[in-house]
Amino acid sequence: MLEPTDLLPPIRRLHDLLRDGILAATRERSSEELSTVVAEQGGDLVFALDEIAEKTLLEFVTAEIASREPVVLIAEGLPEGQLVLPRGTSEEACRWRIIVDPIDGTRPLMVQKRSGWVLTGVAPNLGGKTNLQDIVLAVQTEIPLVKQYLSDQMWAIRGEGVGAIRQNLQSGETHDLKLGPSTATTIALGFATISRFFPGVTDV
C-alpha cells in the first residue's frame, strides 16, 4: 500500500513532466494559439495550453501511480471533475484522493506575464466529505516564463515538515531552498495581490 512518502517521488516526477511540457509549448507556440478556448467546463474556460497538461496528467497517474494502487484523481477536464483509476475500479476501493491543478495561472502564463504553478494535494479518501483540511501531502512546482531558467519546487508531508529545491533548467543542477515564515508581526509592511481578469463578468 502506498503511503504519502511513497507518493512524493512519483508526484514530483509528474510535476517535472508537466512543467517541461508546458514550458516547451510556450516556447514553440504563439500566445494566440495557446490562448484559444477549446471548451467550457464547470463554469471555467479551458484553453489550448490546459489540454496539453491534462493529457500528460492522465497518462502519468494511470501508469505510475494507479498501476500500484487505485486512486481517485480530481482535476479540471475530467468527466464530472474526477476519475477513478484504474478505470473500472470502485471509488470505495481507493485509499487516496489526488487533486491536481496542472496549471495554476494559465492566463498570465500563456501571455508570458508571470510564472504559473503545478499544484497537487493528496488526502485520504473520505468520499464526498473529503476537503482541503484532510490533505497529508502537498507539492507545488513553478512553471517559469520562457525568459527565465530557474524553477522552484516545494513539498510538505503532514508531520514531517517542508522541503524545497531550486532547479536550473539549462544545466539541470538543483540546490536546496530554505523556506521560513515571515517574521513580520503586523501587515503594515506586507502586501497582497488581487487579480480580476474580467471585472463584471463573474459574481463577487
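Residues numbered from 1 in each chain as written. Predicted model: local features only at pLDDT ≥ 70, side-chain atom pairs only at ≥ 80, totals over all residues. Heavy atoms only, no water.

**Structural notes on the nonpolar core**
Logical step 1: Counting residues in hydrophobic clusters, the biggest one holds 39 residues, and the most contacted among them are Leu 7, Ile 22, Leu 49, Val 61, Ile 65, Leu 73 and Leu 137.
Logical step 2: In terms of residue count, helix H1 (residues 4-28) provides more of this core than any other element does, seven residues in total.
Logical step 3: Those residues in contact with Val 61, other than ones at most four positions away along the chain, are Leu 14, Ala 66, Val 71, Leu 73 and Leu 85. (Core = buried A, V, L, I, M, F, W, Y, C linked by side-chain atoms within 4.5 Å. Buried < 20%, exposed > 50% of the residue type's maximum accessible area, 1.4 Å probe, protein only. Helix = DSSP H or I, 4+ residues; strand = E, 2+ residues; numbered from the N terminus. Contact = heavy atoms within 4.5 Å.)

**Observations regarding the sheet that holds strand S9 (residues 161-168)**
Logical step 1: If you trace the eight strands from one edge of the open sheet to the other, you get S4-S3-S5-S6-S7-S8-S9-S10, paired in mixed fashion. Of all strands in the sheet, those with a lone pairing partner are strand S4 (82-85) and strand S10 (174-176), marking the two edges. Between one strand axis and the next, the sheet turns through 15° on average, direction left out of account.
Logical step 2: Where strand S8 (residues 150-157) meets S9, eight bridges bridge the pair, whose relative direction is antiparallel. Considered in S9, the bridge of Gln 153 is made with Ile 165. (Pairing = 2+ DSSP bridges. Axes fitted to C-alpha atoms, helices over the stretch in contact; angles between N-to-C directions.)

**Points about the packing of H1 against helix H3 (residues 48-65)**
Logical step 1: Where H1 contacts H3, the two axes come as close as 10 Å, and the packing angle between them is 155°. Judged by the angle between their axes, H1 and H3 are roughly antiparallel. As H1 runs across H3, the sense of the crossing is right-handed. Contact residues: H1 offers Leu 7, Pro 10, Ile 11, Arg 13, Leu 14, Leu 17, Leu 18, Gly 21, Ile 22, Ala 25 and Thr 26, while H3 offers Leu 49, Ile 52, Ala 53, Thr 56, Leu 57, Phe 60, Val 61, Glu 64 and Ile 65.
Logical step 2: Its residues placed into classes, the contact of H1 with H3 shows 15 nonpolar, three polar and two charged. (Parallel < 35°, antiparallel > 145°, perpendicular 65-115°, else oblique. Left-handed = near helix turned anticlockwise from the far one by under 90°. Nonpolar A, V, L, I, M, F, W, Y, C, P; charged D, E, K, R; others polar.)

**Remarks on the environment of Val 46**
Logical step 1: Along the chain, Val 46 falls in strand S2 (residues 44-47).
Logical step 2: Linking Val 46 and Glu 76, residues 30 residues apart in sequence, is a C-alpha distance of 8.5 Å.

**Considerations on unusual backbone geometry**
Of all residues except glycine, most have a negative phi; of all peptide bonds, most are trans.
Logical step 1: Here the bond from Leu 85 into Pro 86 is cis, since omega is -5°, no more than 30 degrees from zero.
Logical step 2: Within the fold, Pro 86 resides in the loop between S4 and strand S5 (96-104).
Logical step 3: Unusually for a residue other than glycine, Gln 112 sits at a positive phi of about 60°.
Logical step 4: Relative accessible area serves as the criterion here: at 24%, Gln 112 is assigned to the partly exposed category.

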